[in-house]
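So the chains spell out like this:
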Amino acid sequence: MTVEQQARGANGGATGAGRRRSRKDEILEIAVGLFASRGYHGVSMDDIGAAAGVTGPALYHHFAGKEAMLVAALTPVSEGLLDGGQQRSGAHPGDPRAALESLIDFHVDFALANPAVIALHLHELDRMPEEPRRRIRRLQRLYVEEWVTVLTALHPGLPDGEARVLAHAAFGLMNSTPFLGGEVDHRRRAELLRAATLAALLAPTQPA
(Lines give C-alpha, C1' and ligand atoms only; values in the text may rest on other atoms or scores of the structure.)
Protein backbone atom coordinates (compact mmCIF):
# COMPACT_ATOMS: atom_id res chain seq x y z
CA MET A 1 0.00 0.00 0.00
CA THR A 2 1.35 3.44 -0.90
CA VAL A 3 1.65 6.29 1.56
CA GLU A 4 -1.26 8.02 -0.16
CA GLN A 5 -3.46 4.96 0.20
CA GLN A 6 -2.52 4.67 3.86
CA ALA A 7 -3.51 8.27 4.52
CA ARG A 8 -6.83 7.86 2.75
CA GLY A 9 -7.46 4.31 3.91
CA ALA A 10 -6.94 5.13 7.57
CA ASN A 11 -10.41 6.67 7.62
CA GLY A 12 -12.00 3.31 6.93
CA GLY A 13 -12.69 4.00 3.27
CA ALA A 14 -11.78 1.82 0.34
CA THR A 15 -9.89 4.39 -1.69
CA GLY A 16 -7.22 2.42 -3.47
CA ALA A 17 -6.92 -0.04 -0.61
CA GLY A 18 -7.24 -3.04 -2.89
CA ARG A 19 -5.28 -1.60 -5.80
CA ARG A 20 -2.26 -3.57 -6.86
CA ARG A 21 0.97 -1.69 -6.22
CA SER A 22 2.73 -0.42 -9.32
CA ARG A 23 6.47 -0.39 -9.87
CA LYS A 24 6.32 3.39 -9.49
CA ASP A 25 4.69 3.00 -6.08
CA GLU A 26 7.41 0.60 -4.99
CA ILE A 27 10.20 2.91 -6.14
CA LEU A 28 8.60 5.86 -4.36
CA GLU A 29 8.30 3.93 -1.11
CA ILE A 30 11.99 2.99 -1.32
CA ALA A 31 12.94 6.62 -2.01
CA VAL A 32 10.88 7.86 0.95
CA GLY A 33 12.63 5.41 3.26
CA LEU A 34 16.06 6.49 2.02
CA PHE A 35 15.25 10.20 2.30
CA ALA A 36 13.96 9.70 5.84
CA SER A 37 16.97 7.70 7.01
CA ARG A 38 19.80 9.54 5.22
CA GLY A 39 18.35 12.97 4.51
CA TYR A 40 17.36 14.33 1.11
CA HIS A 41 20.89 15.46 0.18
CA GLY A 42 22.37 12.20 1.41
CA VAL A 43 20.59 10.20 -1.27
CA SER A 44 21.31 10.16 -5.00
CA MET A 45 19.22 8.86 -7.85
CA ASP A 46 21.81 6.11 -8.22
CA ASP A 47 21.24 5.15 -4.57
CA ILE A 48 17.50 4.90 -5.18
CA GLY A 49 18.00 2.91 -8.37
CA ALA A 50 20.34 0.49 -6.64
CA ALA A 51 17.95 -0.03 -3.73
CA ALA A 52 15.03 -0.52 -6.12
CA GLY A 53 16.99 -2.76 -8.46
CA VAL A 54 16.47 -0.57 -11.52
CA THR A 55 18.84 1.20 -13.90
CA GLY A 56 19.05 4.95 -14.35
CA PRO A 57 16.94 5.14 -17.54
CA ALA A 58 14.21 2.99 -15.98
CA LEU A 59 14.18 5.20 -12.88
CA TYR A 60 13.84 8.39 -14.92
CA HIS A 61 10.97 6.80 -16.80
CA HIS A 62 8.95 7.08 -13.58
CA PHE A 63 10.36 10.25 -11.99
CA ALA A 64 12.18 13.27 -13.40
CA GLY A 65 14.39 13.45 -10.32
CA LYS A 66 14.51 13.59 -6.54
CA GLU A 67 12.34 16.70 -6.34
CA ALA A 68 9.61 14.93 -8.29
CA MET A 69 9.80 12.03 -5.85
CA LEU A 70 9.48 14.35 -2.88
CA VAL A 71 6.45 16.04 -4.41
CA ALA A 72 4.89 12.67 -5.27
CA ALA A 73 5.41 11.46 -1.69
CA LEU A 74 4.17 14.47 0.26
CA THR A 75 1.38 16.06 -1.79
CA PRO A 76 -0.99 13.05 -1.96
CA VAL A 77 -0.48 12.37 1.74
CA SER A 78 -1.53 15.90 2.65
CA GLU A 79 -4.55 15.54 0.39
CA GLY A 80 -5.41 12.23 2.02
CA LEU A 81 -5.12 13.65 5.52
CA LEU A 82 -7.47 16.51 4.70
CA ASP A 83 -9.97 14.22 2.99
CA GLY A 84 -9.89 11.74 5.87
CA GLY A 85 -10.10 14.48 8.49
CA GLN A 86 -13.13 16.02 6.83
CA GLN A 87 -14.86 12.65 6.67
CA ARG A 88 -14.09 11.88 10.31
CA SER A 89 -15.18 15.25 11.69
CA GLY A 90 -18.26 15.33 9.47
CA ALA A 91 -19.42 11.89 10.54
CA HIS A 92 -20.42 13.10 14.02
CA PRO A 93 -22.57 16.23 13.68
CA GLY A 94 -23.47 17.67 17.08
CA ASP A 95 -21.10 15.34 18.95
CA PRO A 96 -17.66 16.99 19.15
CA ARG A 97 -16.34 14.40 21.63
CA ALA A 98 -17.03 11.59 19.17
CA ALA A 99 -15.62 13.66 16.32
CA LEU A 100 -12.44 14.29 18.29
CA GLU A 101 -11.98 10.64 19.14
CA SER A 102 -12.48 9.75 15.48
CA LEU A 103 -9.92 12.33 14.33
CA ILE A 104 -7.42 11.02 16.86
CA ASP A 105 -7.96 7.42 15.74
CA PHE A 106 -7.49 8.46 12.12
CA HIS A 107 -4.30 10.43 12.72
CA VAL A 108 -2.72 7.86 15.03
CA ASP A 109 -3.32 5.13 12.45
CA PHE A 110 -1.70 7.30 9.80
CA ALA A 111 1.26 8.27 11.98
CA LEU A 112 2.05 4.70 12.95
CA ALA A 113 1.83 3.54 9.32
CA ASN A 114 3.96 6.38 7.92
CA PRO A 115 6.86 7.39 10.18
CA ALA A 116 9.14 7.94 7.17
CA VAL A 117 6.67 10.34 5.57
CA ILE A 118 6.33 12.25 8.83
CA ALA A 119 10.12 12.56 9.00
CA LEU A 120 10.12 13.96 5.46
CA HIS A 121 7.46 16.52 6.38
CA LEU A 122 9.46 17.60 9.42
CA HIS A 123 12.86 17.87 7.78
CA GLU A 124 12.58 18.07 3.99
CA LEU A 125 9.43 20.03 3.09
CA ASP A 126 11.33 23.27 2.56
CA ARG A 127 13.44 21.58 -0.12
CA MET A 128 10.43 21.28 -2.42
CA PRO A 129 9.75 23.72 -5.27
CA GLU A 130 7.69 26.73 -4.21
CA GLU A 131 4.38 25.85 -5.87
CA PRO A 132 3.93 22.32 -4.47
CA ARG A 133 5.31 23.47 -1.10
CA ARG A 134 2.68 26.21 -0.92
CA ARG A 135 -0.03 23.73 -1.88
CA ILE A 136 1.03 21.35 0.88
CA ARG A 137 1.12 24.16 3.44
CA ARG A 138 -2.41 25.14 2.44
CA LEU A 139 -3.63 21.55 2.75
CA GLN A 140 -2.01 21.34 6.17
CA ARG A 141 -3.71 24.54 7.31
CA LEU A 142 -7.09 23.24 6.16
CA TYR A 143 -6.49 19.99 8.03
CA VAL A 144 -5.66 21.93 11.20
CA GLU A 145 -8.92 23.85 10.82
CA GLU A 146 -10.88 20.58 10.94
CA TRP A 147 -9.41 20.04 14.39
CA VAL A 148 -10.00 23.66 15.39
CA THR A 149 -13.68 23.38 14.50
CA VAL A 150 -14.07 20.28 16.65
CA LEU A 151 -12.07 21.69 19.57
CA THR A 152 -13.97 24.97 19.71
CA ALA A 153 -17.25 23.02 19.71
CA LEU A 154 -15.96 20.79 22.48
CA HIS A 155 -14.68 23.72 24.57
CA PRO A 156 -17.23 26.57 24.27
CA GLY A 157 -15.52 29.94 24.46
CA LEU A 158 -12.12 28.60 23.36
CA PRO A 159 -10.62 31.10 20.87
CA ASP A 160 -9.61 29.73 17.49
CA GLY A 161 -6.00 30.71 18.07
CA GLU A 162 -5.82 28.71 21.28
CA ALA A 163 -7.51 25.76 19.58
CA ARG A 164 -4.74 25.82 16.96
CA VAL A 165 -2.15 25.69 19.72
CA LEU A 166 -3.87 22.59 21.11
CA ALA A 167 -4.15 20.99 17.66
CA HIS A 168 -0.45 21.47 16.94
CA ALA A 169 0.44 20.12 20.38
CA ALA A 170 -1.64 17.03 19.60
CA PHE A 171 0.17 16.60 16.28
CA GLY A 172 3.45 16.77 18.16
CA LEU A 173 2.32 13.83 20.29
CA MET A 174 0.97 11.73 17.46
CA ASN A 175 3.74 12.56 14.98
CA SER A 176 6.41 11.32 17.38
CA THR A 177 6.32 7.94 15.63
CA PRO A 178 9.63 8.40 13.73
CA PHE A 179 11.37 8.64 17.11
CA LEU A 180 9.73 5.69 18.88
CA GLY A 181 11.71 2.54 19.44
CA GLY A 182 10.42 -0.96 18.90
CA GLU A 183 10.25 -2.01 22.54
CA VAL A 184 6.45 -1.43 22.62
CA ASP A 185 4.31 -3.33 20.13
CA HIS A 186 2.19 -1.57 17.51
CA ARG A 187 -1.16 -2.11 19.22
CA ARG A 188 0.04 -0.76 22.55
CA ARG A 189 1.75 2.23 20.93
CA ALA A 190 -1.54 3.09 19.25
CA GLU A 191 -3.39 2.82 22.56
CA LEU A 192 -0.87 5.06 24.34
CA LEU A 193 -0.84 7.70 21.62
CA ARG A 194 -4.63 7.81 21.48
CA ALA A 195 -5.00 8.04 25.25
CA ALA A 196 -2.33 10.73 25.66
CA THR A 197 -3.71 12.85 22.84
CA LEU A 198 -7.30 12.58 24.02
CA ALA A 199 -6.34 13.43 27.60
CA ALA A 200 -4.41 16.50 26.42
CA LEU A 201 -7.29 17.79 24.33
CA LEU A 202 -9.98 17.11 26.91
CA ALA A 203 -8.12 18.94 29.68
CA PRO A 204 -9.66 22.19 30.97
CA THR A 205 -8.71 25.15 28.81
CA GLN A 206 -9.64 28.03 31.10
CA PRO A 207 -6.73 30.38 32.02
CA ALA A 208 -5.13 29.61 35.37
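Residues numbered from 1 in each chain as written. Predicted model: local features only at pLDDT ≥ 70, side-chain atom pairs only at ≥ 80, totals over all residues. Heavy atoms only, no water.

**Brief notes about the packing of helix H6 (residues 96-113) against helix H8 (residues 130-154)**
Here comes step 1: At a minimum axis separation of 8 Å, H6 and H8 run at an interaxial angle of 150°. Pair H6 / H8 crosses with left-handed handedness. On H8, the residues touching Pro96, Arg97, Ala99, Leu100, Leu103, Ile104, Phe106 and His107 of H6 are Tyr143, Glu146, Trp147, Val150, Leu151, Ala153 and Leu154.
Here comes step 2: Here the contact of H6 with H8 is built from residues that sort into 12 nonpolar, 1 polar and 2 charged. (Axes fitted to C-alpha atoms, helices over the stretch in contact; angles between N-to-C directions. Helix = DSSP H or I, 4+ residues; strand = E, 2+ residues; numbered from the N terminus. Left-handed = near helix turned anticlockwise from the far one by under 90°. Contact = heavy atoms within 4.5 Å. Nonpolar A, V, L, I, M, F, W, Y, C, P; charged D, E, K, R; others polar.)

**Some details on the pattern of salt bridges**
Here comes step 1: Throughout the structure, instances matching the rule amount to 12 salt bridges.
Here comes step 2: The residue Asp109 makes a salt bridge to Arg194 at a minimum N-O spacing of 2.6 Å. A residue pair is termed long-range when its members are at least 10 positions apart, and Asp109 in helix H6 and Arg194 in helix H10 (residues 186-202) qualify at 85 residues.
Here comes step 3: A relative accessible area of 29% places Asp109 in the partly exposed class.
Here comes step 4: With a relative accessible area of 25%, Arg194 lands in the partly exposed category.
Here comes step 5: Note that Glu124 and Arg127 form a salt bridge whose closest N and O atoms lie 2.4 Å from each other.
Here comes step 6: Note on Glu124: relative accessible area 6%, which makes it buried.
Here comes step 7: For Arg127, a relative accessible area of 36% translates into the label partly exposed.
Here comes step 8: A cluster of three or more residues bridged by salt bridges with shared partners is formed by Asp105, Asp109 and Arg194. (Salt bridge = Lys/Arg side-chain N within 4 Å of Asp/Glu carboxyl O. Buried < 20%, exposed > 50% of the residue type's maximum accessible area, 1.4 Å probe, protein only.)

**Observations regarding the packing of helix H5 (residues 66-90) against H6**
Here comes step 1: Look at H5 against H6: their axes get within 8 Å of each other, and the N-to-C directions meet at 155°. Judged by the inter-axis angle, H5 sits roughly antiparallel to H6. Between H5 and H6 lies a crossing whose hand is right-handed. Contact residues: Val77, Gly80, Leu81, Gly84, Gly85, Arg88 and Ser89 in H5; Ala99, Ser102, Leu103, Asp105, Phe106, His107 and Phe110 in H6.
Here comes step 2: Of the residues contributing to the contact of H5 with H6, the split by class is 6 nonpolar, 6 polar and 2 charged. (Parallel < 35°, antiparallel > 145°, perpendicular 65-115°, else oblique.)

**Description of the packing of aromatic side chains**
Here comes step 1: Tallying each qualifying case throughout the model produces 4 aromatic pairs.
Here comes step 2: Between the aromatic rings of Tyr143 and Trp147, the centroid separation amounts to 6.3 Å while the plane-to-plane angle is 80°, which identifies the pairing as edge-to-face. In this pair, Tyr143 and Trp147 are both assigned in helix H8, 4 residues apart and thus about one turn of the helix distant. Like Trp147, Tyr143 is buried.
Here comes step 3: Ring centres 5.3 Å apart and planes at 80° place the aromatic pair Trp147 and Phe171 in the edge-to-face group. Here Phe171 lies in helix H9 (residues 160-174) and Trp147 lies in helix H8, a separation of 24 residues in the sequence.
Here comes step 4: Residue Phe171 is classed as buried on the basis of its relative accessible area, which comes to 9%. (Phe/Tyr/Trp six-rings, centres within 6.5 Å; stacked < 30°, edge-to-face > 60°.)

**Describing the nonpolar core**
Here comes step 1: Core analysis: the biggest nonpolar cluster contains 52 residues, and Phe35, Ile48, Met69, Leu74, Leu100, Ile104 and Trp147 have the highest contact counts within it.
Here comes step 2: Counting residues per element, the ones that place at least two in this core are helix H2 (23-38), helix H3 (45-52), H5, H6, helix H7 (115-124), H8, H9 and H10.
Here comes step 3: By residue number, the principal contributor to this core is H6, which donates 9 residues.
Here comes step 4: Once you skip the residues sitting within four places of it in the chain, Ile48 turns out to touch Ile27, Ile30, Ala31, Leu34, Phe35, Val43, Leu59 and Met69. (Core = buried A, V, L, I, M, F, W, Y, C linked by side-chain atoms within 4.5 Å.)

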